[in-house]
Amino acid sequence: MATGLAVTDVAESDIFRGTNTSAESGWAINGACHPSLNLTINARGDVFPCCAGVDQTDGLALWNIKTTPLEHIVKAMNGSKLYRELVFRGVSSFAPLLLAAGIPLREQYTGICEFCYDIFSRPEAAKVVLDRFDNEAKEVIEALLKSLSSSERSMVQA
């Protein structure tokens, strides 16, 4: 799996890659990572849902134990639509979003972990994914605020 230093220090000929075609989705890097997750804290204190490469990126470093208590981080991770999408639907669910944004993807990956590392190690790719979920959250909050009475809205905004 080419993540971290293996991206630059291992010869491409030493990495086995499958094809990314599937009759069902057009993208064979399918599968979700929830059966094998291990909460990971890297040396900088950044917290990630796994230890298979994404913990070596800045793109998914949303929380840090030096600034936020771990119990708050875990609660936020559990409630995050981004993390739920990644964990339960899989990183391949981000492929159409990235391709629509003009972000190039390789034709082959060793699996979902390498694909996830590739996305979140590239700032432009990570931004597309993060912005989608950030905008979605803002839309939900705006819709909730619109549903409140003016006095309720004033209390929330205060």
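The shown structure was predicted, so the numbers you read here are calculated from the model rather than taken from an experiment.

Draft legend 1. Here's a closer look at the overall build of the chain. Looking only at helices and strands, the chain has seven helices and three strands in total. Here the chain holds 158 residues, and 39% of them are scored as buried.

Draft legend 2. Focus on the sheet that holds strand β3 (residues 63-64). Pairing within the open sheet is antiparallel, and its three strands lie in the order β1-β2-β3. At either end of the open sheet lies a strand with only one pairing partner, and these are β1 (40-41) and β3. Where strand β2 (residues 46-48) meets β3, two bridges bridge the pair, whose relative direction is antiparallel. Bridged to Val-47 within β3 is Trp-63.

Draft legend 3. Focus on the environment of Phe-88. Note on placement: Phe-88 falls in helix α3 (residues 81-89). As for Phe-88 and His-34, which are separated by 54 residues in sequence, their C-alpha atoms are 6.2 Å apart. Once residues lying within four places of it in the same chain are set aside, the contact partners of Phe-88 are Ala-32 and His-34.

Draft legend 4. Molecular detail of helix α5 (residues 112-121). Of all 10 residues making up α5, eight are buried, and the element is well covered by its neighbours. All of the buried residues along α5 are Ile-112, Glu-114, Phe-115, Cys-116, Tyr-117, Asp-118, Ile-119 and Phe-120.

Draft legend 5. Fine view of the environment of Gln-56. Here Gln-56 shows up in the loop between β2 and β3. Spatially, the C-alpha atom of Gln-56 lies 7.9 Å from that of Ser-121, the residues being 65 residues apart in sequence.

Draft legend 6. Broad picture of the state of the cysteines. Scanning the model with the defined rule gives zero disulfides in all. You can see Cys-50 has no disulfide; the closest cysteine sulfur is in Cys-116, sitting 6.0 Å from it. Judged by its relative accessible area of 14%, Cys-50 falls in the buried class. No disulfide involves Cys-113; its sulfur sits 6.1 Å from that of Cys-50, the nearest cysteine. Residue Cys-113 is classed as partly exposed on the basis of its relative accessible area of 28%.

Conventions used here
Residues numbered from 1 in each chain as written. Predicted model: local features only at pLDDT ≥ 70, side-chain atom pairs only at ≥ 80, totals over all residues. Heavy atoms only, no water. Helix = DSSP H or I, 4+ residues; strand = E, 2+ residues; numbered from the N terminus. Buried < 20%, exposed > 50% of the residue type's maximum accessible area, 1.4 Å probe, protein only. Pairing = 2+ DSSP bridges. Contact = heavy atoms within 4.5 Å. Disulfide = S-S within 2.5 Å.

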